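Analysis of the macromolecular model
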Amino acid sequence: MLKKWSFIVLMFMMLTQAGFISVQQGNNYEKYGRISIAVVQADYPGDEVTDYQYEGRKVLEKGTVEDRFLFLVKEQGKEFNVRVKIKHSLSNNKLLNLSVEEVR
């Protein structure tokens, strides 16, 4: 009985640590945040970008994820949101697709 509980505790510890390590390594969205800021500033030159929010990550297939960023842009006194979606590979850290859409 003691061996069974020891095995369960050991497995729990291994899974918990593995999950923690993958979360730490997998959530490095700062690189793509900088890219999305540059894209919004290039698409809306002269307009004020007043807010920025990381909306999260969607896991796709085969080690691919999509990070989403939401910006608040002020253009001629009117505010609207711009969403940037960046698909990239976790295995080689390469950008696969980038899309920008206005959300009015």
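Residues numbered from 1 in each chain as written. Predicted model: local features only at pLDDT ≥ 70, side-chain atom pairs only at ≥ 80, totals over all residues. Heavy atoms only, no water.

1. Describing the packing of aromatic side chains
Cut-off, in case you're wondering: Put simply, two rings from Phe, Tyr or Trp (the six-membered ring, in Trp's case) pair if the centres are within 6.5 Å, and we call them stacked under 30 degrees between planes, edge-to-face over 60, tilted for the rest. Secondary structure elements follow DSSP: runs of H or I no shorter than four residues count as helices, runs of E no shorter than two count as strands, and numbering proceeds from the N terminus. Only protein chains enter the accessibility calculation, which uses a 1.4 Å probe. A residue is then buried if its area is under 20% of the maximum for its type, exposed if over 50%, and partly exposed in between.
For the structure shown, the criterion picks out five aromatic pairs. When the centroid spacing of 3.7 Å and the interplanar angle of 5 degrees are considered together, the rings of Tyr 29 and Tyr 54 count as stacked. Taken together, the residues Tyr 29 in the loop between α1 (2-26) and α2 (30-43) and Tyr 54 in strand β1 (residues 48-59) connect sequence positions 25 residues apart. Tyr 29 sits in the partly exposed class, given a relative accessible area of 26%.

2. So, the sheet that holds strand β2 (residues 64-75)
The condition that has to hold: Pairing between two strands is assigned when DSSP locates at least 2 bridges connecting them. Whenever a helix is involved, its axis is fitted only over the stretch in contact; in every case the axis is a line through C-alpha atoms, and angles between N-to-C directions fall within 0 to 180 degrees. By definition in these notes, contact holds between two residues if any of their heavy atoms fall within 4.5 Å.
If you walk across this open sheet you meet the four strands as β1-β2-β3-β4, and the pairing is antiparallel. Strands with a single pairing partner mark the edges of an open sheet, and in this sheet they are β1 and β4 (95-103). Neighbour to neighbour, the strand axes of the sheet diverge by 15 degrees on average, direction disregarded. Looking at chain direction, β2 and strand β3 (residues 78-89) are connected through 12 bridges and run antiparallel. When the bridges of β3 are listed, Glu 75 appears paired with Lys 78. Against the sheet, α2 touches β1, β2, β3 and β4, its axis set at about 40 degrees to β2.

3. Re unusual backbone geometry
With a phi close to 55 degrees, Lys 62 is a non-glycine residue in the positive phi region. Following the sequence through the fold, Lys 62 ends up in the loop between β1 and β2. In this structure, Gln 76 takes a positive phi of about 50 degrees despite not being glycine. Looking at the element boundaries, Gln 76 is found in the loop between β2 and β3. Judged by its relative accessible area of 80%, Gln 76 falls in the exposed class.

Function cannot be read off these values alone, since they describe shape.
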